[in-house]
Amino acid sequence: MPVHPRRRLALCALLTAEAMNLLDATVVQVAAPLMRTELGGPVSAVPWLTSAYTLPFAVLLLTGGRLGDRYGRRRVFRTGVTAFLLASLACACAPTLGVLLALRAAQGAAAAVIVPQTIGLIRAMFRGEETARALGTIGPVMGLAAVTGPVLGGLLTHADLFGSSWRAVFLVNVPLSFAVLALAPLLAEDRAPRRPGLDPVGAALAAPATALLVLPLLDGAPWPLTAAGAVLALVFAAHQRHGARRGTDTLVEPSLFRSARFPAALTGLAIAFAVTTGLTLVVVLQLQLASGADALACGLTLLPMSAGLAAGSLWAGGSLVRRYGARVMAAGLAVLAVGLLTTVAAYRTGERPGALPYALAVVGLGQGLFTPAYFDTALAPLRPQETGSAAGLLNAVQQLGATVGVALLGRVYLVTPNAVGAQRACWAAVAAVAAVAAATRWMTASGPAGAAQSDGRTSDHREATHAR
C-alpha cells in the first residue's frame, strides 16, 4: 500500500481529538466548585462533575472500538467528533447541575466513539519506522492532556471571557472540534480485515458490570451493588470465552489475553491514572475548600506538574527508552513516588505550602518518564485484528482508573478536608504506585518480548519508535 500523502496533518487531527477528549476528563476539576456554587447542589456533587464524564467514557469504549472495526474508523471518528461538539455546546448552556451532569455523560459517550479509532487510523496511514514513531506520540499526549486539563480549566474560568465564567471550559472544545473536522477528510478510511459483529450481549453485560463496580466508590451506593457488578463481570468473561470457543464475534479479542502481558498492562495503566487524576482533584479541593484559593491560583499551582510531565515525556521518548528500554518505567515510578512523598512533607508545613508546586513538578516528571515507555511496551505486539479491541480496552481502563482515583482519593481527603486529609490521600497514592510497579514487573516478565525489554535489550520496533 502507498504511503498516505497528508499523514502528518491527519496525525495532528487525531492527536488533537485525543487530547481534547482526555482534557475534558480533568478540565472541570478546578472549575467544579464554582459550577456547584452557581448551579446549586451539595459539595458531594463535585467529584461527579468529573465522573459523569469518565464513567460512560470508560463503559462505552469497547463498543466504540468495535464500531470502528465494523463501519470504518474515519466515518465513526467524524461522527463522534460532531456529537462531542454538540454535547460541549449544550454543557456550556446547562441551566442546572442535574442537566449539566446528564450532558457530561453525553460528552463521555461521544468521546468513547472517537478515541478508540486513533491507533487503527495511524496504522492505516503510516508505514515502517514512521508507524512506530506516530504510535509513540499517543502516550505522552494522553498523560499531558490529563494533567493540563486542570491548568486550562483554571485559566479559562479565571479569565471569565465575555462573562462566560466556567462555561468557557466547554466552549474551548468548539474551535478544537471544528479544526479536527476540517482535517478529518485527510484521514485514510480503515476497518478491521474481517468485519466483526458488535456483540450486543457482551456490551449489555459489560456496561452495567462496570457501572455497578464503580458506583459504590463514587456515591456511597450500597455495597451489594459491587457484588452484583462482580457477578455480571464474571458472566461477561464467561460469555467472551464461550464466544471465542464457538468462533462467534466477541466484544474483546480473545487473543489479547493469551498471555499475562496485556492484562498486566491494563491493570498498571488503570492504577497509574487513578494516582495522577485523583491527586489532581485532592490538590484542587485542598486549595479551594481549605485555603480559599481561586481558580487561577489552582491552575498555576498545577502548572509545574504539567511542565514536569512534558519534560519527562520528551526526555524518555527522545533517548531514554531507546537506550534503556522498559527499565525507564521503573525509574519513572521511583520519581513519582518521591514526588508523592515530597507532597506529604509539604502538606505537613501548612494548609497551602509554598513547596507544593515543586513537589508536584517531581510528580509530573515521574509520570512523564513512565508513560512513553509504558505505552510503547503495551502497543508493540498488537496485530490488525486486535487494534480496535485493544484501543478500547486501554482507553477504558484509563478512564476507569481516573474515575476510581477521583472517587477514592477524593473520599479519603473529604473525610478530613484539610492538610491532614491531603497527606492521607498522598499516602494512598504511594501505595497505588507500588501496585503499578508490581503490574509493570508482571507485564515485562510475560513472554519473550517482555523478558527482552526488562533486560534492557530493545527490539527493532522499539528502535523504530524512538528514532529521531
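A. Highlighting the overall build of the protein. Check the secondary structure of the protein and you find 20 helices and zero strands. Taken over 468 residues, the protein has a buried fraction of 58%. Considering only contacts in the protein between residues 6 or more positions apart, those separated by 24 or more positions represent 84%. Taken as a whole, the protein presents about 17000 Å² of accessible surface, with 68% of it coming from carbon and sulfur.

B. How the structure looks around the nonpolar core. Counting residues in each nonpolar core, the largest one holds 127 residues, and the members touching the most others are Met35, Phe77, Leu100, Phe170 and Leu340. The greatest single-element share of this core, amounting to 16 residues, is contributed by helix α13 (residues 261-290). Non-local contacts of Leu340, meaning those with residues more than four positions away in its chain, are made with Val275, Leu279, Val363, Cys426, Ala429, Val430 and Val433.

C. Representation of the layout of surface pockets in the model. The space that makes up the largest pocket amounts to roughly 780 Å³. Residue lining of the largest pocket: 26 residues in total, with Leu62, Phe236, Val252, Phe257 and Leu393 positioned closest to the centre. Going through the elements one at a time, α3 (46-71), α11 (200-219), α12 (224-246), α13 and α17 (387-415) are the ones with two or more residues in the lining of the largest pocket. Here the residues of the lining of the largest pocket are counted per class, giving 21 nonpolar, three polar and two charged.

D. Representation of the pattern of salt bridges within the structure. Enumeration according to the criterion identifies three salt bridges in this entry. Two residues, Asp24 and Arg104, come together in a salt bridge whose shortest N-O distance is 3.5 Å. Separated by 80 residues along the polypeptide, Asp24 in helix α1 (residues 7-26) and Arg104 in helix α5 (residues 97-114) bring together distant segments of the chain. Here Arg66 ties to Asp69 by a salt bridge, and the two come within 3.0 Å at their closest N and O atoms. Taken together, the positions of Arg66 and Asp69, both in helix α3 and three residues apart, correspond to about one turn of that helix.

E. Representation of a nonpolar patch on the surface. A contiguous nonpolar surface patch, about 200 Å² in accessible area, is contributed by Val43, Leu289 and Leu414. Take Val43: it is sitting in the loop between α2 (28-39) and α3.

Rules and cut-offs
Residues numbered from 1 in each chain as written. Predicted model: local features only at pLDDT ≥ 70, side-chain atom pairs only at ≥ 80, totals over all residues. Heavy atoms only, no water. Helix = DSSP H or I, 4+ residues; strand = E, 2+ residues; numbered from the N terminus. Buried < 20%, exposed > 50% of the residue type's maximum accessible area, 1.4 Å probe, protein only. Contact = heavy atoms within 4.5 Å. Areas by Shrake-Rupley, 256 points an atom, 1.4 Å probe, with all protein chains shown as cover. Core = buried A, V, L, I, M, F, W, Y, C linked by side-chain atoms within 4.5 Å. 1 Å grid on protein atoms, 1.4 Å probe; cavity = no way out; pocket = protein on both sides within 12 Å on 5 of 7 lines; lining within 4 Å. Points joined across faces, edges and corners; volume = space filled by probe spheres on them. Nonpolar A, V, L, I, M, F, W, Y, C, P; charged D, E, K, R; others polar. Salt bridge = Lys/Arg side-chain N within 4 Å of Asp/Glu carboxyl O. Patch = residues over 30% accessible without salt bridge, like charges linked within 9 Å, V, L, I, M, F, W, Y side chains within 5 Å.

Nothing here speaks to function; it is all geometry.
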